[in-house]
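Tertiary structure, described
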Amino acid sequence: MNPTLQPIFDEILARNPGETEFHQAARELLDSLGPVVARHPEYTDAAIIRRVCEPERQIIFRVPWVDDAGQVQLNRGFRVEFNSALGPYKGGLRFHPSVYLGIVKFLGFEQIFKNALTGMPIGGGKGGSDFDPKGRSDAEIMRFCQSFMTELYRHIGEYTDVPAGDIGVGGREIGYLFGQYKRITNRYESGVLTGKGIGWGGSLVRTEATGYGTVYFANEILKARKSSFAGKTVVVSGSGNVAIYAAEKAAELGATVVACSDSSGYVVDEKGLDLDLLKEVKEVRRERLSAYAEARESARFVATGTGSSGSSGSPAGSVWDVPCDIALPCATQNELDGDHALALVRNGCTVVAEGANMPCTPAAVKVFADAGVAFAPGKAANAGGVATSALEMQQNASRDSWTFAHTEARLEEIMVGIHDRCLATADAYGAPGNYVAGANIAGFIQVADAMLALGVI
Ligand code: NAP
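Here the structure is a predicted model, which means the values were calculated and not measured.

1. Structural notes on the sheet that holds strand β1 (residues 57–66)
Across a sheet, strands are paired by hydrogen bonds formed along the backbone, either parallel or antiparallel in direction. The strand order across the open sheet formed by five strands is β1-β2-β4-β3-β5, and the pairing between neighbours is mixed. Each edge of the open sheet carries a strand with a single partner, namely β1 and β5 (161–164). Neighbour-to-neighbour, the strand axes of this sheet turn through a mean angle of 20°, independent of strand direction.

2. Quick word on unusual backbone geometry
Backbone geometry at A47 places phi at a positive 55°, although glycine is not the residue there. Examined against the element boundaries, A47 turns out to sit in the loop between α4 (41–45) and α5 (48–52). Judged by its relative accessible area of 24%, A47 is partly exposed. One non-glycine residue, V205, lies in the positive phi region at around 80°. Here V205 is to be found in the loop between α8 (171–185) and α9 (206–224). Of the residues examined, V205 reaches a relative accessible area of 2% and is grouped as buried.

3. Focus: the site of the ligand
In the region of the ligand, 25 residues are neighbours, and D166, T210, S263, R288 and N357 sit closest. In the environment of the ligand, an oxygen atom lies 3.0 Å from a nitrogen or oxygen atom belonging to the side chain of R206. Taking N241, its main chain carries an N or O atom lying 2.9 Å from an oxygen atom of the ligand. Relative to its unbound accessible area of 880 Å², the ligand is 87% covered by the protein chains. Elements with a minimum of two residues in the shell around the ligand: α9 and α10 (241–252). Here the shell around the ligand spans two domains, since at least three of its residues come from each of domain 2 (55–188) and domain 3 (207–381).

4. Looking at the domain arrangement of the chain
A common way to state how big an interface is: give the accessible area lost once the parts meet. Split into domains, the chain comes out as domain 1 (1–54), domain 2 (55–188) and domain 3 (207–381). Taking the mean C-alpha position of each, domain 1 and domain 2 sit 27 Å from one another. Facing 13 residues of domain 1, the contacting portion of domain 2 comprises 14 residues. Both sides of the domain 1 and domain 2 interface together cover about 1,100 Å² of buried area, and 63% of this is carbon and sulfur. Taken together, domain 1 and domain 2 are joined by one salt bridge. Measuring nitrogen to oxygen at the nearest pair gives 2.7 Å for the salt bridge that ties K105 to E19. Here domain 1 and domain 2 share six residue pairs in polar contact (both at pLDDT 80 or more) between them. When grouped by side-chain class, the residues that make up the side of domain 1 that touches domain 2 number six nonpolar, three polar and four charged.

5. Here we look at the environment of D31
Turning to its location among the elements, D31 is positioned in helix α2 (residues 20–32). Given the relative accessible area of 44%, D31 is considered partly exposed. Between the C-alpha atom of D31 and that of L5, which follows or precedes it by 26 residues, the distance is 8.4 Å.

6. A few points about the side chain of E335
Relative to the elements of secondary structure, E335 occurs in the loop between β10 (326–329) and α13 (338–346). Here A331 takes part through its backbone nitrogen, which lies 2.9 Å from a polar atom of the side chain of E335. If near-sequence neighbours (up to four positions away) are discounted, E335 is found in contact with S237, S309, W320, P329, C330, H340, A356 and P359.

7. With respect to the sheet that holds strand β6 (residues 233–237)
Strands sit in the order β9-β8-β7-β6-β10-β11-β12 across an open sheet of seven strands; the sheet is mixed. The sheet is open, and its two edges are formed by β9 (299–303) and β12 (374–376), each paired on a single side. Taken pair by pair, the neighbouring strands of this sheet meet at an average axis angle of 15°, ignoring direction. Across five bridges, the pairing between strand β8 (residues 265–269) and β9 is antiparallel. Residue pairing in the sheet places V267 in a bridge with F301 of β9. Sitting on the sheet, α9 is in contact with β10, β11 (351–353) and β12, with an inclination near 150° to β11.

8. A word on the packing of α9 against helix α16 (residues 384–397)
The geometry of α9 relative to α16 is characterised by a closest axis approach of 7 Å and an angle of 145° between their N-to-C directions. Judged by the sense of rotation from one axis to the other, the crossing of α9 with α16 is right-handed. Between α9 and α16, the residues in contact are R206, A209 and T210 and G384, G385, V386, T388, S389 and E392, respectively. Considering only residue class, the contact of α9 with α16 consists of two nonpolar, five polar and two charged.

9. What to know about the pairing of strand β4 (residues 124–129)
Most of β4 sits out of view: six of its six residues are buried. Across the two faces of β4 the burial is the same, with G124, K126 and G128 and G125, G127 and S129 all buried. Across six bridges, strand β2 (residues 72–83) lies against β4 in antiparallel orientation. What sits directly across from G77, in β4, is S129. Relative to β4, strand β3 (residues 89–95) runs parallel, the two being bridged by three bridges. Across the sheet, residue L93 finds its bridge partner in β4, namely G127. Crossover handedness for the path β3 to helix α6 (residues 101–118) to β4: right-handed.

10. Brief notes about the packing of helix α7 (residues 138–152) against α8
Viewed as axis vectors pointing N to C, α7 and α8 meet at an angle of 45°, and their least axial separation amounts to 8 Å. In terms of their interaxial angle, α7 and α8 are classed as oblique. Of the two elements, α7 crosses α8, and the hand of that crossing is right-handed. Packed against α7, whose contacting residues are D138, I141, M142, C145, Q146, F148, M149 and T150, the element α8 presents R172, E173, Y176, L177, Q180, Y181 and I184 at the interface. Split into classes, the residues belonging to the contact of α7 with α8 amount to nine nonpolar, three polar and three charged.

Procedures and definitions
- In this numbering scheme, every chain counts its residues from 1 along its sequence in written order.
- Only residues with pLDDT of at least 70 get local features here, since the model is predicted, and only at 80 or more are side-chain atom pairs given and counted; chain-wide, interface and lining totals rely on the full set of residues.
- Water and hydrogen atoms were dropped before computing side-chain values, which therefore reflect all heavy atoms in the structure.
- Strand pairing requires that DSSP identify at least two bridges connecting the strands.
- A run of DSSP states H or I qualifies as a helix once it reaches four residues; a run of E qualifies as a strand once it reaches two. Both are numbered from the N-terminal end.
- Axis geometry follows a simple rule: fit a line to the C-alpha atoms, using only the stretch in contact for helices, then measure angles between N-to-C directions, giving values from 0 to 180 degrees.
- For the exposure calls, accessible area comes from a 1.4 Å probe over protein chains only, and a residue counts as buried if that area is under 20% of its type's maximum, exposed if over 50%, partly exposed in between.
- Whether a residue is near a molecule or strand depends on its heavy atoms: if one lies within 4 Å, it is near.
- Any pair of N or O atoms that falls within 3.5 Å is considered a polar contact. Within protein, one atom must be able to donate a hydrogen and the other to accept it, and sequence-neighbouring residues count only if both atoms are side-chain atoms.
- Residue-level accessible areas treat just the shown protein chains as cover; the underlying method is Shrake-Rupley with a 1.4 Å probe.
- The start and end points of each domain follow an automatic or database-based domain assignment.
- Contact definition: two residues touch when any of their heavy atoms are within 4.5 Å.
- Buried area adds together the accessible area that both of two parts lose upon being put together, with accessible area traced by a 1.4 Å probe.
- Any Lys or Arg side-chain nitrogen located within 4 Å of an Asp or Glu carboxyl oxygen qualifies as a salt bridge.
- Classification convention: Asp, Glu, Lys, Arg as charged; Ala, Val, Leu, Ile, Met, Phe, Trp, Tyr, Cys, Pro as nonpolar; all other residues, Gly among them, as polar.
- For a crossing to be left-handed, the near helix must be turned anticlockwise from the far one by less than a right angle; the clockwise case is right-handed.
- For the handedness criterion, the strands are oriented away from the viewer, and a crossover whose path from the first strand over the helix to the second runs clockwise is classed as right-handed.
- Any angle from 65 to 115 degrees is called roughly perpendicular, while one under 35 is roughly parallel, one over 145 is roughly antiparallel, and all others are oblique.

Given below as structure tokens:
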């Protein structure tokens, strides 16, 4: 690491003990900023890097609720309002038992630079809870969301902080959260949450946006290499919102998507995933992935039993052992490690685009770099979700609703723009073709310049 940046990283470690995912995300950014501090001493003079690594505000709160058996349950809620130099804090809410401050901070930190890359006026934040929605009834989900919002409402607003969905938070949860916000505040403030239903302030394409956007980004990488999705074999991980719509767009562009996963295992379907069936199993019936294989002759389910898509070397293997040309990790952080990356490279994979946030470990990213695999980091490749959230905010502000075709065209234009900006910035800072450097530097400079202009606040 650049000697100017090492003491800053040491300070991050000391000030945020035990928050390993946040350390990892901060290190990944700082590792790219060496050429920036050399060229722009003004950022160091104004302590921009130290300030950008410290959240503006962190809120932790109690979320009590009553389950269907009448028992009082207790969870912890978080909202980290990381940086508002470019606009109101913007970023999703995650409901998953693994959520703690370090996860929320890593996600909020990444969100700052991702949002900057979209070119839209949005700052960075993230939130969530250690609540586990799996196996909970609709009524329990509603009571939890209402309790969560009963505290969160005082910290958010159209011009302050605009949450959205993430793992475990989809259209149903956003509905219950928005309902409670409206009830408490007596305001129909559409712009306070994104990911709303189409009939009550939502935007067409928001559901599809992150997955579609990831594929648009990968498509630009392929075009730059005089190639395309047509005829390619694709593997996605996860089978949630991002994974399903990444698979859908890849198939639409002519690829065959042969595998996906959830935290119980993975499915291999050489004929190509039946996306109507996958949506029925995951979005409507909310079942495990094994139900897909039970309903489809060409598919087989491999149970991994590790709470993940599988680990290398285990008898069940992992979703990353399935041969493919293009890999789209769309499940969760650190799900693809160095051994998984070696398996992908061995099987001829040439492009990896992160639909999830930080799914590839630093060791995996190094394997890809050494092997000449084109690697698109999540803060660039999955920015289509938040970009379309910003389009939802635009429609809410103008009390308008756009067609699917118009909104999707805007999404594609934004993703092409991010791709080109990453490449141009990587070039300008001496790292041609390096999307990690390009995304980190371009996102950082946009935020840093705004922070310089706004003074020491
Ligand atoms: P989701 O709809 O809740 O789906 C998450 C999927 O990942 C599920 O299939 C889940 O399986 C699987 N998963 C979770 N942990 C796993 C593990 N350890 N191993 C294997 N599979 C695992 O969430 P999502 O919205 O698609 O989000 C997925 C990723 O994309 C996250 O990193 C999120 O931060 C990122 N992202 C989302 C958006 C968005 O607009 N939604 C935008 C940008 C980035 P189970 O059902 O078994 O848990």
